[in-house]
Amino acid sequence: MIDPVSALSNILGAKGWLSGSDVEPYRWDWLRRYGAVPLGVARPANTQEVARVVEICREAGVAMVPQGGNTGLCGGAVAHESGAVILSLSRMTAMEKPDLASGSIIVEAGVVLSTLHEALEPHGLIFPMHLGAEGSARIGGLIGTNAGGSHALRYGMMQDLVLGLEVVLADGTVWNGLRSVQKDNAGYQLRKLFCGSEGTLGIVTRAVLKLYPAPKQRTTALLTFADCGAAVAFGTYLRGEAGEFLSGLEFFSDFGLKLVLKHLAELSFPLETRGGAHLLAELASSSARVPLDEILTAALEWGMEQELVIDGALAMSDAQRAHFWHLREEQPEGQRLEGQQLKHDISVPPGKIAEFIEAGEDICSKILPGVRTNPFGHLGDGNIHYNLSPPEGQSDFADKALELGQALAALATEMGGSFAAEHGLGRSKIVLADTNRSPVERNLMAVVKDALDPSGLMNPGVLISSFRQRKTFQ
Ligand SMILES: Cc1cc2nc3c(=O)[nH]c(=O)nc-3n(C[C@H](O)[C@H](O)[C@H](O)COP(=O)(O)OP(=O)(O)OC[C@H]3O[C@@H](n4cnc5c(N)ncnc54)[C@H](O)[C@@H]3O)c2cc1C
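Worth saying up front: this structure is predicted, and the values here are computed from it rather than measured.

## So, the pattern of salt bridges
Next, step 1: Using the criterion set out here, one finds 17 salt bridges in the structure.
Next, step 2: Residue R27 pairs with E24 through a salt bridge whose shortest N-O separation is 3.0 Å. Placement of both R27 and E24 in helix α2 (residues 24-27) is noted, with a separation of three residues, approximately one turn of the helix.
Next, step 3: For D362, the salt bridge identified is with K366, shortest N-O distance 3.4 Å. One end of the pair, D362, and the other, K366, are both in helix α14 (residues 353-367), four residues apart, so they sit about a helical turn from each other.
Next, step 4: By relative accessible area, D362 is classed as partly exposed at 43%.
Next, step 5: What makes K366 exposed here is its relative accessible area of 66%.
Next, step 6: Look at the salt bridges and you will find they share partners, linking K262, E338, R372 and E392 into a network.

## Thoughts on the site of the ligand
Next, step 1: Neighbouring the ligand are 35 residues, the closest being P66, G68, G69, T71 and G72.
Next, step 2: Backbone polar atom of R138 to an oxygen atom of the ligand: 2.8 Å apart, as the coordinates give it.
Next, step 3: One of the backbone N or O atoms of V204 is found 2.9 Å from a nitrogen atom in the ligand.
Next, step 4: With five residues, the single largest contributor to the shell around the ligand is helix α5 (residues 139-145).
Next, step 5: Residue classes in the shell around the ligand are distributed as 13 nonpolar, 19 polar and three charged.

## What about the UniProt feature "domain: FAD-binding PCMH-type" (unreviewed entry) in the chain?
Next, step 1: Under the UniProt annotation, the feature "domain: FAD-binding PCMH-type" (unreviewed entry) is placed at residues 34-214.
Next, step 2: Here residues 34-214 is 23% helix and 23% strand, with 39 Å between the C-alpha atoms at its ends.

## Quick look at the packing of helix α9 (residues 228-242) against helix α11 (residues 292-305)
Next, step 1: Relative to each other, α9 and α11 sit at 150°, their axes nearing to 10 Å. As α9 packs across α11, the resulting crossing turns out to be right-handed. Between α9, through F234, Y237, L238, E241 and A242, and α11, the contact on the second element is made entirely by I295, L296, A299, L300, W302 and G303.
Next, step 2: By residue class, the composition of the contact of α9 with α11 is nine nonpolar, one polar and one charged.

## A few points about the environment of P332
Next, step 1: Within the secondary structure, P332 is located in helix α13 (residues 331-338).
Next, step 2: In this structure, the C-alpha to C-alpha distance between P332 and N374, residues 42 residues apart in sequence, is 9.6 Å.
Next, step 3: For P332, the contacting residues outside a window of four places in its chain are Q341, K343 and F376.

How each quantity is defined
Residues numbered from 1 in each chain as written. Predicted model: local features only at pLDDT ≥ 70, side-chain atom pairs only at ≥ 80, totals over all residues. Heavy atoms only, no water. Salt bridge = Lys/Arg side-chain N within 4 Å of Asp/Glu carboxyl O. Helix = DSSP H or I, 4+ residues; strand = E, 2+ residues; numbered from the N terminus. Buried < 20%, exposed > 50% of the residue type's maximum accessible area, 1.4 Å probe, protein only. Near = heavy atom within 4 Å. Polar contact = N/O pair within 3.5 Å; in protein donor to acceptor, adjacent residues only side chain to side chain. Nonpolar A, V, L, I, M, F, W, Y, C, P; charged D, E, K, R; others polar. UniProt positions renumbered as here; feature names shortened; annotations may be inferred. Axes fitted to C-alpha atoms, helices over the stretch in contact; angles between N-to-C directions. Left-handed = near helix turned anticlockwise from the far one by under 90°. Contact = heavy atoms within 4.5 Å.

So this is what it looks like as structure tokens:
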């Protein structure tokens, strides 16, 4: 039997194999809910080394946990049982030159999202994936979770932005699917299968990403409404008026705003009036000829005439635009600084957002009277981060976590939505998937998992439980 520690340290060297106290920075998940001591952290420098790591782990029967920026919110990027190898892609950060003619770029899986944004700037191109963790999240992790973010409304999720992939499969074979074409119907859409597979089917090592021309102009408004229903009605109208130019439609509640203003002293709310819900709307175009200001101003006037918009302002400078975005992006931080919280990543058809929020509030306060709900997120695509803080004066509510999570998941399911909109299932949401999705769907996933990872060593306990993994589709 192979000794995995000496085999891995031999092929990876001191830079590529970490053990003992050196594993600590990789050990805990973002929310510090999971963090078993791994056997070690493998940091391969290229695809061939990833393949060797996989072969060694397979031979030794050691579980592998791929890790990107470790900003995932469902505990999928760290070990839950000791003895696994964390396979960090953090040394694989090479980027090729963008291919201007085809609008694409080949990057390694360890590239940090904000680094990619900066590298594209001089070329007048963008990779239109934006999220609060973009300074840490890496391409492999974004693909692993099929990340969404604030521009998914216009550009889609990660699966829509990946043209091709290179993946090290569970037996160490390298699948090279690095094609830069939009149209490729030569069989199953394998690249999409790996988007959102959370490291359970293989390890993404390189990707061909789709690029867009950088906007030549943007216009951004911050608006306030009496309630979320009014914000949804305005959002529906704006979508019709702005069409393909609508690139962001983000909302947050007045409770969320209060937390941000309480805990982040550098932020202020620029409008004179404050309603119960706030909306950030952004239009962008890569042509300078489109009258974006006119479109947004006319929509705003309509919103005021209809008595939907209570107050609003257009950003007059880049600094003001950044300030508006901070108010939205700091929502998770404001709530984190308030203390304990329960996070729920829900999606419903956009027209049902207000209905979900109202029904959710009702359900949650029956389970835990006084619980404080903080819905915020991506109004344009129906994605609500329905986060909860404990009742005022109460520091902990972990004993209610499962009941609240199950109730909200059931509500989203009933309304034709999802309880795992953009963060994936990881370890923390398998129970919700097992209870809210049909056995047919769960078993179908188990069949895929078994086929691609027969020994069950690729991120075990993530996305699919070991129990499900053994069951066959009936
Ligand atoms: C403040 C904050 C804001 C956020 N906002 C958003 C948001 O708006 N939208 C959104 O979608 N998410 C958001 N997230 C969640 C998180 O940033 C995303 O899930 C992101 O895609 C994770 O990237 P990562 O590199 O950190 O992945 P990790 O956390 O390292 O890994 C995530 C999953 O992918 C797997 N994985 C990692 N690398 C690979 C690889 N190379 N091959 C195969 N599998 C791999 C891991 O095993 C794990 O299961 C936010 C998180 C934070 C902390």
